[in-house]
Structures are given as C-alpha cells and as structure tokens.
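Descriptive structure summary
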Amino acid sequence: VINTIAKLAKSCTLRLTVDKLYFILSDKVANGGVSMWCELCQGNFFDEFQMEGVAAEHNEIYLELAPENLSRALKTAQNAKAVKIKLTNKHCPCLRVAVELPSLSSSSRVVTHDIPVGVIPRRLWSDFREPSVPDFDVSIYLPVLKTMKNVVERMRNLSNSIVIEANLSGEMNLKIETDLVSVTTHFKDLGNPPWASEDECQSSTQGRDLESMAEARIDIKKLQQLLAGQQVNPTKALCNIVSKRIVHFILLHEDVSLQYFIPALA
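Residues numbered from 1 in each chain as written. Predicted model: local features only at pLDDT ≥ 70, side-chain atom pairs only at ≥ 80, totals over all residues. Heavy atoms only, no water.

1. Overview of the side chain of Asn-240
The residue Asn-240 is located in strand 14 (residues 236–242) in this model. In terms of polar contacts, Asn-240 uses its side chain to reach the side chain of Ser-139, at 2.6 Å. (Helix = DSSP H or I, 4+ residues; strand = E, 2+ residues; numbered from the N terminus. Polar contact = N/O pair within 3.5 Å; in protein donor to acceptor, adjacent residues only side chain to side chain.)

As structure tokens, then:
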C-alpha cells in the first residue's frame, strides 16, 4: 500500500483513528491537482494498536509525511519477526519504525528508522475530509489494470493528454489525438456497477442513453502514475466520469480502498 502511495504523492497526510488509518492527498482539484483518499482497517494490519488523540472527543492524529521514507523503512522489514511503529518526539516529531530481524544468536537484532513528520494542528483538520463522490454521468468497471497500463504507457510517448470515454453499455475507449496521429483503444463488455442505475442521487445517469459516451481529457502522466503504482491487482476497479470535469477512480482490495480523483484539462 505504501509503495503505491509513494508513487502517487511526494508528501501526504496520515490520519490515525482508533479503528482506521487513512492516507490523504488533497491538492485542490479545482486548481488542477489530483486528490487521493486511501482507507485501511488497522485490525487487518496490526496485532496491537494503541493511540491517543488530542482529546477524548477528538481522538485522532493527523501527520504530514513523505510516503517514500516510510516505504524505504518498511523494505527492511520484509523478513522481520516483528515491526513496531511508534510516534516519538526526539529532536522533532518522528514516526519510529523498529524492525526486529531474525538472528542466529539468542539476542535479537533491531533496526530502527526515524521518519520526520509534521503534526497537523486541529484547526486544519477540516481540510482533510473525505472527498464527496461527484454526481457522475457514467460509472464503469475498468479492464485488467496491467493491460490498461501497457496501453497508456505506449500512448504516453505520443501525447501529454488522454481522453477517457465510457457509456452505460460497458464500453470504454482510451483516445489520444495530436496533429500527427490519432489512436483509440476500445474495451467492451466491462460492465457497469449496479449503483449506476439504482442510486437515486446519481441523477445524471437517470434517463441517460446507454450508448452515449461521457468523456474527460486528463493528464496522461497522472493516469500512468496511478496504474504504475498498483503492486497487486485490485479485486474491483472502477471509474466514474463527470463529463469534461473529473475522472474518479476507485480501487478496492480485500482490506484497502483507494480513491483517486484526476481533474479534466480545459
């Protein structure tokens, strides 16, 4: 999970609550930045978990960190007997990752990494709320991510932007158009999530012609980063398109959900 996030963001916010961990990137989508919301249940990752927030009614901690640093620290933990992550304040606030490695002698070897973090004050917490799912025109399951990644990587050599279009008949196209070349890859029979027709609040899909395409042109590099960052194929991957405004990706693994928002280019 951390390796994926390290590919998507140089810096992100880690929000800790009693039962969940969140990795949040909230560049303002309105200003052309991507945003991300990744949610993990701590019970699936830790045998023991103790935390104390600023107050009983605000039992949360918000930290700013470079995911690449955490990813590097955890790489040393691949064959570890135990890993302990602790928030400390040595010379500055740090996440201490203590990795207990197997040893031939009776004494254990422990490798410690101190990762500097910034503690985000409570007055700024409201900047890190879960982004609302936009009122989309089309919601569709994605093709196998590896296939999609290969297509996007080839297209990236030809253009800086890509058009994603899809309809409610399970069809999706990836298109690039430049002065010299026009390339389209078609995917069929992908299926549309049930909420596309059930959910009352998704009014824009109501009465929509099943064949008509919703499309958005996005930065191909941002899409490539998302696809390249996937270390394991998710159990479900889908995308919601708000025509000419935003593409919202949802990747679900067994114990992790990742949402990623890429704004459309003008």
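Still more ground to cover, so stick around.
2. Notes on the sheet that holds strand 7 (residues 109–116)
Strand order in the open sheet formed by three strands is 5-6-7, and the pairing between neighbours is antiparallel. Either end of the sheet is taken by a strand with one partner, and the two such strands are strand 5 (82–89) and strand 7. Looking at each pair of strands side by side, their axes are set apart by 20° on average, direction ignored. Note: strand 6 (residues 93–101) against strand 7, eight bridges, orientation antiparallel. Each bridged residue has a counterpart across the sheet, and for Cys-94 the counterpart in strand 7 is Pro-116. (Pairing = 2+ DSSP bridges. Axes fitted to C-alpha atoms, helices over the stretch in contact; angles between N-to-C directions.)

3. Looking at the nonpolar core
Core analysis: the largest hydrophobic core is formed by 62 residues, its most contacted members being Met-172, Leu-174, Leu-223 and Phe-249. The leading source of residues in this core is helix 3 (residues 145–156), at five residues. When residues are assigned to domains, this core turns out to be shared by domain 1 (1–127) and domain 2 (138–198 + 210–263), each giving three or more. Leaving out residues up to four positions away in the same chain, Met-172 has contacts with Ile-140, Leu-142, Pro-143, Met-148, Ile-164, Glu-165, Ala-166, Thr-185, His-186, Phe-187 and Leu-190. Counting seven residues, the second largest nonpolar core, distinct from the first, contains Ile-24, Trp-37, Tyr-62 and Ile-120. (Core = buried A, V, L, I, M, F, W, Y, C linked by side-chain atoms within 4.5 Å. Buried < 20%, exposed > 50% of the residue type's maximum accessible area, 1.4 Å probe, protein only. Domains from an automatic or database assignment. Contact = heavy atoms within 4.5 Å.)

4. A look at the domain arrangement of the protein chain
Parsing the protein chain into structural domains produces domain 1 (1–127) and domain 2 (138–198 + 210–263). Once you take the C-alpha centre of each, domain 1 and domain 2 turn out to be 29 Å apart. On the domain 2 side, the residues contacting the 18 residues of domain 1 number 17 residues. Looking at the side of domain 1 facing domain 2, the largest losses of area belong to Lys-7, Leu-8 and Val-34, adding up to 33% of the total buried there. The interface formed by domain 1 and domain 2 includes zero salt bridges. Connecting domain 1 to domain 2 are three residue pairs in polar contact (both at pLDDT 80 or more). When residues of the side of domain 1 that touches domain 2 are traced back to their parent elements, those giving at least two are helix 1 (2–8) and strand 3 (35–41). Its residues placed into classes, the side of domain 1 that touches domain 2 shows ten nonpolar, six polar and two charged. (Buried area = accessible area lost by both parts, 1.4 Å probe. Salt bridge = Lys/Arg side-chain N within 4 Å of Asp/Glu carboxyl O. Nonpolar A, V, L, I, M, F, W, Y, C, P; charged D, E, K, R; others polar.)

5. As for the packing of helix 3 against helix 5 (residues 220–228)
Direction vectors running N to C along helix 3 and helix 5 enclose 145°, while the axes themselves pass 9 Å from each other. As helix 3 packs across helix 5, the resulting crossing turns out to be left-handed. Residues Leu-145, Met-148, Lys-149, Val-152, Glu-153, Met-155 and Arg-156 of helix 3 form the contact with helix 5, whose own contacting residues are Ile-220, Lys-221, Leu-223, Gln-224, Leu-227 and Ala-228. The residue makeup of the contact of helix 3 with helix 5, split by class, is eight nonpolar, one polar and four charged. (Left-handed = near helix turned anticlockwise from the far one by under 90°.)

6. Here we look at the packing of aromatic side chains
On inspection of all chains with the given rule, the structure shows four aromatic pairs. Taken together, Tyr-62, Trp-125 and Phe-128 form an aromatic cluster joined through their ring pairs. Sitting over the ring of Tyr-22, Arg-15 keeps its end group 4.4 Å from the ring centre. (Phe/Tyr/Trp six-rings, centres within 6.5 Å; stacked < 30°, edge-to-face > 60°. Lys NZ or Arg CZ within 6 Å of the ring centre and 35° of its normal.)

7. Quick look at the sheet that holds strand 13 (residues 214–219)
The sheet built from four strands is open, its strands ordered 12-11-10-13 with antiparallel pairing. Unpaired on one side and paired on the other, strand 12 (182–187) and strand 13 mark the two borders of the sheet. Sheet twist, expressed as the mean angle between neighbouring strand axes with direction ignored, is 20°. Sheet topology places strand 11 (residues 172–177) next to strand 12; six bridges connect them, and they run antiparallel. Across the sheet, the residue bridging to Leu-174 is Thr-185, located in strand 12.

8. Topic: unusual backbone geometry
Positive phi outside glycine occurs at Asp-189, with the angle close to 55°. By the element assignment, Asp-189 lies in the loop between strand 12 and helix 4 (195–198). Looking at Asp-189, the relative accessible area reads 72%, which means it is exposed. Backbone geometry at Lys-244 places phi at a positive 60°, although glycine is not the residue there. Tracing the chain through its elements places Lys-244 in the loop between strand 14 and strand 15 (246–252).

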